[in-house]
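Working through the structure, step by step
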Amino acid sequence: MSETTTTPRQTVKTVLEVRNLHKTYGNQEVLKGVDFTVGSGEVKVVLGRSGSGKSTMLRLMALLEPLDAGEVIFKGKRIGVDANNRPVRERALARQRSEIGMVFQRFNLFSHLTVMQNVTLAQRLTRKAGAAEAKARAAEMLDRVGLGSHLHHFPSELSGGQQQRVAIARALVLNPSVMLFDEPTSALDPELVNDVLAVMEQLAADGMTMVVVTHEMSFARRVGTDVALFDQGVLVEQAPPEEFFTNPQQERTRNFLRHIH
Ligand SMILES: Nc1ncnc2c1ncn2[C@@H]1O[C@H](COP(=O)(O)OP(=O)(O)O)[C@@H](O)[C@H]1O
Ligand SMILES: [Mg+2]
């Protein structure tokens, strides 16, 4: 039952889902019971003010942090915990995480490694790929993000936009079933934003399942299959872009949209 969601257009297989997600830091309840589903090939764009809990949701979905309550379900199976509801061991956790690609606002490339070395490293750590295989795959993914001619550059020789595209390639080499993007263009100079968005748009066109936290409204409209608003730890509203932007149902959504226009 939980594996499919029915939309008017088609039946989409669920790739990643969170149910009743709760997270508290100190005495601040940051996520207050979030339900969120991403179907195969969907691009879910998440909007919301700073501090509303967007990054926390992504980190919990990617198993980068333990959750207080709720479930993360990947391809129909609960992940992060075993059959007895105990946290899985580090090794199993690493395997589960590697199926979920994540791209952050800050790219965090290793400055002493070349582009190629940055992208091959993760594969060799998590998948034990052979050197030749890892290199071939890295070259293919770097080509895909438009950096096929920069394999032997160091991060400091690249623009922020190029570095972010390396970070995207680094996630893609692990062959994730879903990619989570947390404000991937927020740290970039304005003239570099579009190159990164273009790579993401191409990924979406190629059928990648994606969750994108962003403030780029034109991207949300153009590429999102759905747009969701987060506010104070809850998912306020979610709808296809046309509906979300032109006919929002919730006062909080209308209020948010007024402030960005
Ligand atoms: N590791 C943490 N420790 C303590 N508080 C945190 C931590 N991470 C996030 N928070 C707090 O949780 C709230 C939501 O943060 P975040 O998920 O980063 O929101 P957003 O991504 O929407 O800006 C903020 O008030 C933030 O200060
Ligand atoms: Mg954030």
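Attention here is on the structure that accompanies the text. The model shown is predicted, which means the values in this text are computed figures rather than measured ones.

1. As for the overall build of the protein
Of the regular secondary structure elements, the protein holds nine helices and 11 strands. When its C-alpha atoms are laid out on the principal axes, the protein stretches across 50 × 50 × 40 Å. For the protein, the proportion of its 261 residues judged to be buried stands at 52%. Here the analysis covers contacts within the protein between residues at least 6 apart in sequence; of these, 63% occur between residues at least 24 apart.

2. Looking at the site of ligand 1
In the vicinity of ligand 1, the contacting residues are Tyr25, Gln28, Val30, Arg49, Ser50, Gly51, Ser52, Gly53, Lys54, Ser55, Thr56 and Arg59. Within the contact set of ligand 1, an oxygen atom lies 3.0 Å away from a backbone nitrogen or oxygen of glycine 53. Contact between ligand 1 and arginine 59: a nitrogen atom at 3.3 Å from a side-chain N or O atom of the residue. Burial of ligand 1 by the surrounding chains reaches 62%, relative to a free accessible area of 560 Å². Going through the elements one at a time, strand 3 (28-39) and helix 1 (54-61) are the ones with two or more residues in the shell around ligand 1. Element by element, the count of residues in the shell around ligand 1 is highest for helix 1, at four residues.

3. Quick word on the side chain of threonine 253
Turning to its location among the elements, threonine 253 is positioned in helix 9 (residues 251-260). When residues no more than four places from it in sequence are discounted, the contact partners of threonine 253 are Leu229, Val236, Glu237, Phe244 and Pro248.

4. Considering the environment of valine 15
Structurally, valine 15 is set in strand 2 (residues 11-25). With a relative accessible area of 7%, valine 15 lands in the buried category. Valine 15 sits 214 residues away from leucine 229 along the chain, and the two C-alpha atoms are 20 Å apart. Among all residues touching valine 15, those that are not within four sequence positions of it are Val38, Gly39, Ser40, Ile73, Phe74, Lys75, Ser177, Val178 and Thr209.

Rules used in this analysis
Residues numbered from 1 in each chain as written. Chains lettered and ligands numbered in written order. Predicted model: local features only at pLDDT ≥ 70, side-chain atom pairs only at ≥ 80, totals over all residues. Heavy atoms only, no water. Helix = DSSP H or I, 4+ residues; strand = E, 2+ residues; numbered from the N terminus. Buried < 20%, exposed > 50% of the residue type's maximum accessible area, 1.4 Å probe, protein only. Contact = heavy atoms within 4.5 Å. Near = heavy atom within 4 Å. Polar contact = N/O pair within 3.5 Å; in protein donor to acceptor, adjacent residues only side chain to side chain. Areas by Shrake-Rupley, 256 points an atom, 1.4 Å probe, with all protein chains shown as cover.

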